[in-house]
Amino acid sequence: MIKRSVFSSRTLPYLLILPQILVTLTFFYWPAVQGLIQSVMRSDPFGQHSTFIWFSNFTALFTDPLYLKSIGITIFFSASVATVSISIGLFIATMANRALKAKAVVRTMLIWPYAVAPAISGILWLFLLHPSYGVVALAIKRWFGVDWNPVLRGSDAMFMIVMASAWKQISYNFVFFIAGLQAIPKSLIEAAAIDGASPFRRFRTITLPLLSPTLFFVTVMNIIYSFFETFGVVHMMTQGGPGGATNILVYKVYQDGFIGLNMGGSAAQSIVLMSLIIGVTVLQFKYVEKKVQYTG
Amino acid sequence: MVEKTPILDILTYVFLITGIIIVGFPIIYAIIAATLPIEDVSRVPMPLIPGDQFWVNIQTAWTEGNLGTNLMNSFIMASGITLGKITISLLGAFSIVYFDYRFRTLAFVSVFCTLMLPVEVRILPTYEMAANVMSPIMKIWTALNLDSVATWIAGHEITLALDWSILDSYTGLILPLVASATCTFLFRQFFLTIPEELCEAAKMDGASPMTFFRKILLPLSKTNIAALVVIEFVYGWNQYLWPLLITTNPKMMTAVIGLQHLIPAADDLPYWNVALAGSLLVMLPPILVVLLMQRWFVKGLVDPDK
């Protein structure tokens with residue numbers, strides 16, 4: 001799309017877009033292409049020689065039990081984070097939308113965790129779930145009789161990073177849900193009320209379907225968040241441990257590539273992640289355009 | 001509400017308050033812990049009455065965590081990223097919307113596709129790039145064997161060696177992050193809604209493109225800029241992976257990463273009060289920005305397309 005009336009200049013438009021293009025070429029496309037090349041190469045540890053090995057890196061990757069485990073962990077982690085943060089966000093937003101008088105106050109009180117870095121959320125929850133000093137850990141031990149030990153037990157460590165990641169994301173979801181709820185025409189709700197639908201029924205049959213575009217968008221954003229932006233949480237809390245129980249894909253790329261210096265393998269992992277995020281983005285744009293649209 | 005449901009209304013407020021408390025709990029608890037001396041913070045369960053050690057803990061965190069330097073670095077990085085992103089996106093969107101040239105669509109698509117290439121999926125190659133920004137030129141030079149060509153032309157031995165590392169520098173922290181698909185997209189969408197007449201009138205009055213940009217587009221974009229300032233400042237401040245990769249010099253460490261050194265190790269004394277005091281201090285600037293500019297921030301976060 002472009003304006004009907006435009007300026008004419010030979011050089012100016014190129015000059016204006018140049019900084020953007022330079023940065024994207026240098027720091028996005030060139031590295032991406034390099035990654036693509038590295039993923040089909042095997043290089044010696046000193047990076048002097050590399051040989052072309054077709055898709056060996058990828059076959060090695062998908063036959064590596066550690067990588068397959070990491071995929072499983074990531075899916076579980078991502079699904080848990082999305083479920084926890086979306087359901088709490090939606091619940092609070094629905095309540096806030098009912099509380100007509102206090103909306104602005106409630107928003108202020110819920111919006112700030114958005115600004116907390118995932119890594120700092122990790123520190124807060126590391127303390128709350130600390131096996132010796134944490135109050136939430138204490139509650140878990142007392143009420144559920146669990147021998148809480150995230151340093152040794154993988155499932156406990158997983159719970160820890162899910163809590164830290166989901167907590168931070170609640171406010172993001174809340175902001176979108178409250179905006180989505182406010183956009184639902186009041187007349188529809190009123191009409192349903194006159195027809196005798198109870199508040200719960202109204203929520204299920206009117207609010208929820210009308211909210212589905214928001215719900216879809218938020219789900220996609222939560223998946224992207226839990227896949228890519230939770231690196232800080234894992235790095236602060238567990239470093240992928242114990243025994244790789246919290247080694248999500250993004251953290252594994254960092255560990256294998258940057259710490260372990262396995263160029264080819266790490267590049268192959270990067271390419272897998274890249275195709276994943278391309279897939280999600282394409283899906284998002286396809287659906288946002290087409291399917292999930294109810295209001296004109 | 002539509003009909004009167006007093007019980008449901010009370011329940012609503014009860015749930016709402018519970019929700020707010022649950023969401024606020026980690027931070028309230030951290031604030032209390034940050035005011036306690038070490039004996040209290042390591043008691044199980046920790047007392048919930050705030051102590052009087054807040055300033056002491058903050059001071060310890062400040063010196064132990066080297067927060068003075070780190071906060072300054074974070075501030076420079078976050079502001080640099082914010083300013084850079086907004087500037088180059090404004091200019092880019094202006095170029096894409098208000099000019100007609102051959103590579104217009106290509107330029108837009110290539111900027112937009114960076115959305116699919118977060119740092120996380122290109123860690124190593126981007127690091128190599130930062131280690132020597134000139135490496136593409138070097139690679140192409142070597143591939144074309146231009147050394148020998150240059151030698152042949154000049155008649156004596158010539159080798160090209162370009163080296164520009166941006167590791168451990170503000171340039172390195174800021175520059176690779178200033179390309180922004182979202183900002184460019186947002187400004188483009190916004191510019192498209194601006195009435196054609198404005199541009200026509202400006203042209204009729206003989207305004208140059210840049211005058212039009214400065215005098216008309218910029219003032220009109222104020223709200224959008226404000227929204228993006230919040231979003232990008234928070235984004236910049238909270239960066240983790242990229243600064244972790246490219247900074248090794250303690251003088252270049254950012255605040256969020258520096259906090260790692262405050263977390264008590266397993267066999268240390270549990271100085272959680274200090275760690276949490278430091279965390280509170282580091283999370284404060286972006287929270288303040290969000291709260292103070294809440295109205296624009298919500299608008300900017302929610303409004304674009306969807």
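Residues numbered from 1 in each chain as written. Chains lettered and ligands numbered in written order. Predicted model: local features only at pLDDT ≥ 70, side-chain atom pairs only at ≥ 80, totals over all residues.

### Brief notes about the overall build of chain B
- Along chain B, the regular secondary structure elements total 17 helices and zero strands.
- The C-alpha atoms of chain B give 26 Å as radius of gyration, which overshoots the globular expectation for 306 residues (19 Å, by more than 25%).
- For chain B, the spread of C-alpha atoms along the principal axes amounts to about 80 × 65 × 30 Å.
- Across the 306 residues in chain B, those meeting the buried criterion constitute 42%.
- Put simply, of all contacts in chain B between residues at least 6 apart along the chain, 76% involve residues at least 24 apart. (Helix = DSSP H or I, 4+ residues; strand = E, 2+ residues; numbered from the N terminus. Rg over C-alpha atoms; globule rule 2.2 N^0.38 Å. Buried ≥ 20, exposed ≤ 12 C-beta atoms within 10 Å, placed from the backbone. Contact = placed C-beta atoms within 7 Å.)

### Topic: the packing of helix α7 (residues 154–182) of chain A against helix α9 (residues 199–229) of chain A
All names here are of chain A.
- Their axes nearest at 10 Å, the elements α7 and α9 cross at an angle of 150 degrees. By the angle class used here, α7 and α9 are roughly antiparallel. For the pair α7 and α9, the crossing hand works out as right-handed. Two secondary-structure elements touch here, α7 through S165, Q169, N173, F176, F177, G180 and L181 and α9 through T207, L211, T214, F217, V218, N222, Y225 and S226.
- Its residues assigned to classes, the contact of α7 with α9 shows seven nonpolar, eight polar and no charged. (Axes fitted to C-alpha atoms, helices over the stretch in contact; angles between N-to-C directions. Parallel < 35°, antiparallel > 145°, perpendicular 65-115°, else oblique. Left-handed = near helix turned anticlockwise from the far one by under 90°. Nonpolar A, V, L, I, M, F, W, Y, C, P; charged D, E, K, R; others polar.)

### What to know about the environment of T142(B)
- Tracing the sequence through the fold places T142(B) in helix α7 (residues 135–143).
- Between the alpha carbons of T142(B) and L160(B) there is a distance of 9.0 Å; along the sequence they are 18 residues apart.

### Remarks on the nonpolar core
- Counting 159 residues, the largest nonpolar core has I120(A), F127(A), A33(B) and F94(B) as the members making the most contacts within it.
- Both domains that furnish three or more residues to this core are identified here as domain 1 (1–64 + 263–306) and domain 2 (73–262) of chain B. (Core = buried A, V, L, I, M, F, W, Y, C linked by C-beta atoms within 7 Å. Domains from an automatic or database assignment.)

### Looking at the interface of chain B and chain A
- Each partner contributes residues to the interface: chain B has 88 residues there, and chain A has 85 residues.
- Ranked by residues supplied to the side of chain B that touches chain A, first place goes to helix α1 (residues 6–34) of chain B with 14 residues.
- Taken together, the residues that form the side of chain B that touches chain A break down as 65 nonpolar, 15 polar and eight charged.

### A short note on the confidence of the model for chain B
All names here are of chain B.
- Mean pLDDT over chain B works out to 87, with 98% of the residues at or above the 70 mark.
- Mean pLDDT across the secondary structure elements of chain B bottoms out at helix α17 (residues 294–302), with 79, and peaks at helix α4 (residues 67–98), with 94.
- Both scores are given for the predicted complex: the pTM is 0.89, the ipTM 0.88. (pLDDT = per-residue confidence, 0-100.)

### Let's talk about unusual backbone geometry
All names here are of chain B.
- In this structure, N66 takes a positive phi of about 55 degrees despite not being glycine.
- Inspection of the secondary structure puts N66 in the loop between α3 (54–64) and α4.
- In this model, D168 sits at a positive phi of 55 degrees, which is unusual for a non-glycine residue.
- Topologically, D168 is positioned in the loop between α8 (146–154) and α9 (170–174).

### Description of the confidence of the model for chain A
- Mean pLDDT over chain A: 86, with 94% of residues reaching 70 or higher.
- Below pLDDT 50 for its whole length, residues 291–296 of chain A participates in eight contacts with residues either more than four positions away or in separate chains.

### Some words on the environment of N73(B)
All names here are of chain B.
- On the secondary structure map, N73 appears in helix α4.
- By C-beta crowding, N73 is classed as buried, having 22 other C-beta atoms within 10 Å.
- A C-alpha to C-alpha distance of 45 Å links N73 and V149, two positions 76 residues apart in sequence.
- Contact partners of N73, with chain neighbours within four places excluded, come to M252, M253 and T254.

### Examining the domain arrangement of chain B
Residues and elements named next belong to chain B.
- As far as domains go, chain B holds domain 1 (1–64 + 263–306) and domain 2 (73–262).
- Domain 1 and domain 2 are separated by 34 Å when their C-alpha centres are compared.
- Taken together, the contact between domain 1 and domain 2 spans 20 residues of the former and 18 residues of the latter.
- Of all the elements in the fold, those that place two or more residues in the side of domain 1 that touches domain 2 are α3, α16 (272–292) and α17.
- Looking at the side of domain 1 that touches domain 2 element by element, the count peaks at nine residues for α16.

### Quick notes on α7(A)
Residues and elements named next belong to chain A.
- For α7, built from 29 residues, the straight-helix expectation of 42 Å at 1.5 Å per residue is met to within 8% by its first-to-last C-alpha distance of 41 Å.
- Along α7, the largest kink reaches about 30 degrees and is centred on Q169.
- Of all 29 residues in α7, 21 are buried; the element is thus mostly enclosed. (Expected span 1.5 Å × (residues − 1). Bend = angle between axes of the 7 residues up to and from the residue.)

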